[in-house]
Amino acid sequence: MTYLPSSPEIGGPTLAAYVAADPRRRAIFDNIRSRLGPAGKVEALARYYIVRCEFRREVFREILLACQSRLPGWARRSRGAAEMNREFVKEYREAYIAFRRESRGKPGGSADGR
């Protein structure tokens with residue numbers, strides 16, 4: 001499993017310098033952190049956020065490298081990783097749409113009944 005430190009400073013001087021060099025990196029780091037599972041674990045919500053944008057994928061890779069962490073297969077620069085991510089995004093969206101449809105029929109769901 002892949003885990004991230006709670007702040008760039010905790011991740012060490014290399015990570016702190018990398019994130020500080022570009023304000024967009026800090027925003028991405030914070031957004032990824034806000035989507036992590038328990039104990040900083042990279043789960044589906046964080047992965048979905050990361051893989052939909054090349055710059056986010058690059059920042060994520062560099063964060064892991066700065067922390068001397070192993071890259072998960074889906075975070076690598078390869079055709080296989082790109083295909084895994086396309087399939088993951090498709091399945092994630094389908095599951096989200098099914099969840100939304102199901103929740104609309106429950107009390108407290110959508111007011112228009114869709």
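Parameters at a glance
- Residues numbered from 1 in each chain as written.
- Predicted model: local features only at pLDDT ≥ 70, side-chain atom pairs only at ≥ 80, totals over all residues.
- Heavy atoms only, no water.
- Helix = DSSP H or I, 4+ residues; strand = E, 2+ residues; numbered from the N terminus.
- Buried < 20%, exposed > 50% of the residue type's maximum accessible area, 1.4 Å probe, protein only.
- Areas by Shrake-Rupley, 256 points an atom, 1.4 Å probe, with all protein chains shown as cover.
- Lys, Arg positive; Asp, Glu negative; His and termini not counted.
- Charge placed at Lys NZ, Arg CZ, Asp CG, Glu CD.
- Axes fitted to C-alpha atoms, helices over the stretch in contact; angles between N-to-C directions.
- Parallel < 35°, antiparallel > 145°, perpendicular 65-115°, else oblique.
- Contact = heavy atoms within 4.5 Å.
- Nonpolar A, V, L, I, M, F, W, Y, C, P; charged D, E, K, R; others polar.
- Patch = residues over 30% accessible without salt bridge, like charges linked within 9 Å, V, L, I, M, F, W, Y side chains within 5 Å.
- Salt bridge = Lys/Arg side-chain N within 4 Å of Asp/Glu carboxyl O.
- pLDDT = per-residue confidence, 0-100.

Participant: Help me get a handle on the overall build of the protein chain, residues and values and all.
Facilitator: Within the protein chain one finds 5 helices and 0 strands. Ordered by position from the N terminus, the helices and strands of the protein chain form the series α-α-α-α-α. Oriented by its inertia axes, the alpha-carbon framework of the protein chain measures out at about 50 × 30 × 25 Å. Looking at the 114 residues of the protein chain, the share that counts as buried comes to 35%. When the accessible surface of the protein chain is summed, it comes to about 7300 Å², and 52% of that surface belongs to carbon and sulfur atoms. Each charge class in the protein chain can be summarised by its mean position, and for the 23 positive and 13 negative side chains these summaries are 1 Å apart.

Participant: Give me the lowdown on the packing of helix H2 (residues 23-34) against helix H3 (residues 44-51), citing residues and values where you can.
Facilitator: Look at H2 against H3: their axes get within 8 Å of each other, and the N-to-C directions meet at 150°. Relative to H3, the element H2 lies roughly antiparallel. For the pair H2 and H3, the contacting residues are Ile28, Asn31 and Ile32 in the first and Ala46, Tyr49 and Ile50 in the second. Counted by class, the contact of H2 with H3 contains 5 nonpolar, 1 polar and no charged residues.

Participant: Tell me about a nonpolar patch on the surface, residues and numbers included.
Facilitator: Judged by side-chain polarity, Tyr96, Ile97 and Phe99 come together as a nonpolar surface patch covering roughly 330 Å² of accessible area. Relative to the elements of secondary structure, Ile97 occurs in helix H5 (residues 79-104).

Participant: Which residues make up the confidence of the model for the protein chain, and what are the values?
Facilitator: For the protein chain, per-residue confidence averages 90 on the pLDDT scale, and residues scoring 70 or more make up 92% of the total. Looking at the elements of the protein chain, mean pLDDT is at its lowest for helix H1 (residues 13-20), recorded as 93, and at its highest for H3, recorded as 96.

Participant: I'd love a proper account of the pattern of salt bridges, names of residues and values included.
Facilitator: Counted under the stated rule, the structure contains 9 salt bridges. The shortest N-O distance in the salt bridge between Arg24 and Asp22 comes to 2.9 Å. By relative accessible area, which is 14% here, Asp22 ends up buried. We note a salt bridge from Glu83 to Arg86, for which the minimum N-O separation is 3.0 Å. With Glu83 and Arg86 both in helix H5, this residue pair falls 3 residues apart, about one helical turn. What you see here is one network of salt bridges that share partners, running through Glu54, Arg57, Glu58, Arg61 and Arg77.

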